[in-house]
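# Observations on the three-dimensional arrangement
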Amino acid sequence: MSQNAYDPETAKQEIFAYAKKRGALAVGVADLAAIERIAPPGHRPSDIMPRVKSVISVGVGGQTQGAWTVPAKALGYFGSTETRAYSCVYALAFFMESMYGAPSVYCPPDMDNEAGPRVPLQSLKLHAELAGIGARSLAGDILLHPEFGYMYFASVFTELELPPDEPMADNPCPAPSCTDMYRKIGQTPCMKFCPVQCLSGKIDAEGKQEEMHYDMAACAEMTQQYEAVPAMLARALEAEDATQRTDALFDPDNKMLWYKMSVGSGGLLAQCFECMRVCPIATRSPQADPIRRRNSK
Amino acid sequence: MTQGYSRDQLGVTDAMIDAYGDIVFKLSNNHQIRRGDPVRMKDFAAIEAHRHELGMSDEQIAERVGLAPAQVTLIRNLEERRRFRTGHYHQLNKLGGGKRFRAERMTPLQDHFRYNEDALSLRAAFAFDPATVRGYVEDGYWKNDTLRGWLIRNAEETPDGRALAGAGGDLTWRELRERVGKLAAGFYKAGIRPGDVVAVQLPNTRDYVESFLALCWLGAVMTTLYMTFRESEFRTQLAHSNAKAVILPEIIGDFAAAETALRLSVELETLQRVIVAGTPPAGAIALASLYDVPPLPKELPAPTAADPFLLLYTSGTTSSPKGVPLNSHQMLTNARLGVVEHDIRPGDVVLSAAPYGHLFGLYSIEMAICAGASIDLLPIFSPPAFIKAVEEDRPTHLFAGPAHLAACNGMGLFDKADMSSLRVTVLSGSAVPPDLVRACAPKFTGGVITQLWGMTELQAGLYSRPGDDPEIAATSAGRNSPGTHVRIGDENGNELPRGEEGELQVRGPSVFAAYYNNPEATAAAFTADGYFRSGDLACMDANGNVTLSGRLKEVINRGGVKYSPQEVELLLEKHPAIAQCAIAPVPDERLGERACCYAVLKPQASVTLEELCAFLTEKGLAKHKLPERLELRETMPMTATRKIIKGQLKP
Ligand code: SF4
Ligand code: SF4
């Protein structure tokens, strides 16, 4: 396929407009060279697409205001809006091929088959951060945006060369109210209300992030139940008697896991959202709050 | 498998996993530290300097540690598994909807309450047949009744209504609920947990009612020790029930109750606490001190109707005690339905002359709470104290044994006393002489006297109703309680025609499931079709009213002609020379058994066998039932519940 002649800036604007039409809140082009430097070998865009020239990152909206108010066990079910980001980039990859004749793929969003379920094939977060549509927060590096709050990200790799954007000039995290809280109790809301206390960190004298500590293993215990499935099977095998074995496999908690495996979705597959539920940027930034947006019109 | 390779292909041993697991885990992204904001700043030097903190890929770790990447992947995944705790997300289910995680309010799930082994073994005794359970639930007998629930309801609906009256009473429902909640917390602080068995030996006092309800509130199980019990009965029952604590007075008459319990707490591993209503000796806890403690932990399970609630002991021997575990479904369904049948209304006053150590006394408490009626306290029965309670507290309902009425009637107390407040008097506990009912009924001007037949295994099985013909109430124990099926059966469980004498057999929502840790007794207690063999002889009239005629095992078999001696005993008790008597068989070569009359005479009295037979014949007794031998005794062997032990009567 030969590339059509194009003006990089114009193409970029067309691509952004198309992505937004498909539901993206924010779009950016990441600095490919920076990704290639920062991402570990095996997890770089060129490992998937050797002739990649650009990485486009899109962000779609997170939760509605109503969702932030529901009990945690219901909120878990609203976590799958990332599929909207994937469908957006899937369409975008087709759009770019048909518009510019440039081979494009949407970046596989899943885990690295060879490394197990805690290692992604590519860091969508790194793409988005370098594309300037999110900055790492104290909540385990979840990306936040001052305008759109908390988003789900997806990327397109393309052979089309586009001018990269810069990362955000400022990090909106911690919000001023979080800094106030930190000064009083040594914790920000996300740290205080994380149910496994896997977040901690420091804010410097200027109110900027100094250190972020994230116990991802603890977070995974809380939120990634696929880890529990082999544990449950092991417990069943180790059971001393038939009662214990039956309980290990069929008690309601465990049957819920089978259920989730069989239906393929339904909550607690990524995060528990408690840190985001209390985050002022995730929930209250202007574009993340449709109710506020509507009332200010 | 890791990338398709097995452990031996990768050369990874357990020793390697042990040795490298920690550093591999630490370098991986399982724990991340970021200093500043180097990625956003594209500060590549800082990123490189801190890769080990930001989280390295397996390839990077391999390079750093000196392993192959696939080895790192395997070691890391196994280490992740080793550290992984399942079920963590449960605490999440309590969050959201306005509730936030607060470290200080969280008790890790593994630290939450769990039933101990003894409690679980007691819970296992409730092995109901599934079809029976389904029937009781579908038919509306079993609901989620608990005394805690009823107490809370009364305190909410009629907070200022009188819950306790009489000696040492006078509490409103609000006050009673408060005190019970506090005492439950006190019991918890004393080490008593839901499912634990606690023995209670107290008179009918406020302490009794509050202790009983506080144990219910906590979800503990009460076992009652009769007031007449002494060390040997204590030892048997406390050991068999695995009682964790005992609540009793310091002394009962000349019996050092608390000291005895303390001594047994050294001997019995399970008995850990002695709680004393009164001044405790060293080593015991004052009941009064348990009202002022921190509240119960929130995560304790609230008791439900299916939880064990009582573990009562019935006849049985020291080597094979018969403990009857009962839950709230069984007892409180029976009480809830009994409220209507005994016509107990909100604001009524319920007096029990029967001790609360007996199920009959507890039945009166359950019904009073269910109806929102006051529990009238009469700590220890004596005829004058009883008459005083009736005149002062004006009870509407009386639960008593025939002996209580007989004692007052014998002293002529009913002639002067005002018994008019009593709307319904329910007599139970032993055979009720019809003449006693006939004699007392005219003096209870405000209401009726009824009879009730019950057993520890089922609470109230039969009773006459307030509207029944007085003669029915005098001569029979009435009809089945709601939901209870009674039949007169033979030893094979076949129902006998109306009017024929046989064994009273019962099934229904209040009937127990099994004796505690006594499978032989359980097997012997039920017919093949699930009826409980009461062991009582009875016959049923055309309207379903049942008249009891004695105990099956006391039947005398005289040359193949069988009869119950109860009728003979009741007649003999009317003889002017006899203070106490019992008829029991003596072996006979020709007839197999003959009847022997054992008697204690009144002071200065004398009597011969011939005189007794003449007396009985004059009363119309059939010839084959006349005793053929007389044995005079100074005293009778008695059980702790004041029943004659016939097995010990030998010529
Ligand atoms: S997703 Fe849940 S467990 Fe993970 S950091 Fe946020 S609050 Fe903590
Ligand atoms: S609550 Fe949000 S803004 Fe505040 S520190 Fe945490 S992640 Fe940052």
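Residues numbered from 1 in each chain as written. Chains lettered and ligands numbered in written order. Predicted model: local features only at pLDDT ≥ 70, side-chain atom pairs only at ≥ 80, totals over all residues. Heavy atoms only, no water.

### So, the domain arrangement of chain A
Examined at the domain level, chain A breaks down into domain 1 (8-158), domain 2 (174-224) and domain 3 (225-263). Between the C-alpha centres of domain 2 of chain A and domain 3 of chain A the distance comes to 33 Å. (Domains from an automatic or database assignment.)

### Side note on the site of ligand 2
Residue and element names in this part refer to chain A. In the vicinity of ligand 2 lie 13 residues, with Cys173, Cys178, Cys190, Cys279 and Ile281 positioned nearest. Cavity membership is defined here by more than half of the atoms lying within 2 Å of grid points; on that basis ligand 2 lies in the largest cavity. Of the residues in the shell around ligand 2, the class split is 11 nonpolar, two polar and no charged. (Near = heavy atom within 4 Å. 1 Å grid on protein atoms, 1.4 Å probe; cavity = no way out; pocket = protein on both sides within 12 Å on 5 of 7 lines; lining within 4 Å. Sits in = over half its atoms within 2 Å of the grid points. Nonpolar A, V, L, I, M, F, W, Y, C, P; charged D, E, K, R; others polar.)

### Regarding the domain arrangement of chain B
Structurally, chain B comprises domain 1 (7-82), domain 2 (147-540) and domain 3 (555-648). One C-alpha centre belongs to domain 1 of chain B, the other to domain 2 of chain B; they are set 68 Å apart.

### Considering the packing of helix H12 (residues 231-241) of chain B against helix H13 (residues 257-267) of chain B
All names here are of chain B. Axis separation between H12 and H13 bottoms out at 11 Å; the angle between their running directions is 45°. Of the possible angle classes, the one that applies to H12 and H13 is oblique. Every pair of crossing elements has a handedness; the one defined by H12 and H13 is right-handed. Contact residues: Glu231, Phe234, Arg235 and Leu238 in H12; Ala257, Thr260, Arg263, Leu264 and Glu267 in H13. Split into classes, the residues belonging to the contact of H12 with H13 amount to four nonpolar, one polar and four charged. (Axes fitted to C-alpha atoms, helices over the stretch in contact; angles between N-to-C directions. Helix = DSSP H or I, 4+ residues; strand = E, 2+ residues; numbered from the N terminus. Parallel < 35°, antiparallel > 145°, perpendicular 65-115°, else oblique. Left-handed = near helix turned anticlockwise from the far one by under 90°. Contact = heavy atoms within 4.5 Å.)

### Remarks on helix H15 (residues 359-371) of chain B
Residues and elements named next belong to chain B. Taking 1.5 Å per residue as the helical rise, H15 with its 13 residues ought to reach 18 Å, and the 18 Å between its terminal C-alpha atoms agrees with that figure. Taking burial as the measure, the 13 residues of H15 include 13 buried ones, the bulk of the element. Just downstream of H15 lies Gly372, where phi reads positive at about 75°. (Expected span 1.5 Å × (residues − 1). Buried < 20%, exposed > 50% of the residue type's maximum accessible area, 1.4 Å probe, protein only.)

### What about the nonpolar core?
Counting residues in each nonpolar core, the largest one holds 88 residues, and the members touching the most others are Phe187, Phe212 and Leu310 of chain B. Take this core: its biggest share by element is 10 residues, from H15 of chain B. In this structure, Tyr18, Met212, Ala218 and Cys219 of chain A belong to the second largest nonpolar core, which totals 64 residues. (Core = buried A, V, L, I, M, F, W, Y, C linked by side-chain atoms within 4.5 Å.)

### Comments concerning the site of ligand 1
Residue and element names in this part refer to chain A. Every one of the 12 residues lining ligand 1 counts as a neighbour, but Cys194, Cys198, Cys219, Cys272 and Cys275 are closest to it. For the shell around ligand 1, the secondary-structure elements that each account for two or more residues are helix H9 (216-223) and helix H13 (274-277). Looking at the shell around ligand 1 residue by residue, the classes come out as 10 nonpolar, one polar and one charged.

### Some details on the packing of aromatic side chains
Under the defined criterion, the tally for this structure stands at 24 aromatic pairs over all chains. Here the aromatic residues Tyr6, Tyr18, Phe95 and Tyr100 of chain A are joined through ring pairs into a cluster of three or more. The ring of Phe44 of chain B is capped by Arg37 of chain A, whose NZ or CZ atom sits 4.1 Å from the centre of that ring. The residue whose ring lies beneath Arg487 of chain B is Tyr531 of chain B, and the NZ or CZ to ring-centre distance is 3.7 Å. (Phe/Tyr/Trp six-rings, centres within 6.5 Å; stacked < 30°, edge-to-face > 60°. Lys NZ or Arg CZ within 6 Å of the ring centre and 35° of its normal.)

### Remarks on the interface of chain A and chain B
With 64 residues of chain A in contact, the opposing surface of chain B contributes 45 residues. Both sides together, the interface formed by chain A and chain B hides about 4,600 Å², and carbon and sulfur atoms give 54% of it. When the buried surface of chain A facing chain B is broken down by residue, Ile38, Arg118 and Glu221 of chain A rank first, second and third, together holding 14% of it. Counting across the chain A and chain B interface gives five salt bridges. A salt bridge links Arg118 of chain A to Glu80 of chain B; the shortest N-O distance between them is 3.9 Å. Summed over the shared surface of chain A and chain B, the result is 22 residue pairs in polar contact (both at pLDDT 80 or more). At seven residues, strand S8 (residues 209-215) of chain A tops the list of elements feeding residues into the side of chain A that touches chain B. Counted by class, the side of chain A that touches chain B contains 33 nonpolar, 10 polar and 21 charged residues. Judged from the five bridges that link them, S8 of chain A and strand S1 (residues 31-35) of chain B form a sheet pairing that is antiparallel. Its bridge partner being in S1 of chain B, Met212 of chain A is matched across the sheet by Arg34 of chain B. (Buried area = accessible area lost by both parts, 1.4 Å probe. Salt bridge = Lys/Arg side-chain N within 4 Å of Asp/Glu carboxyl O. Polar contact = N/O pair within 3.5 Å; in protein donor to acceptor, adjacent residues only side chain to side chain. Pairing = 2+ DSSP bridges.)

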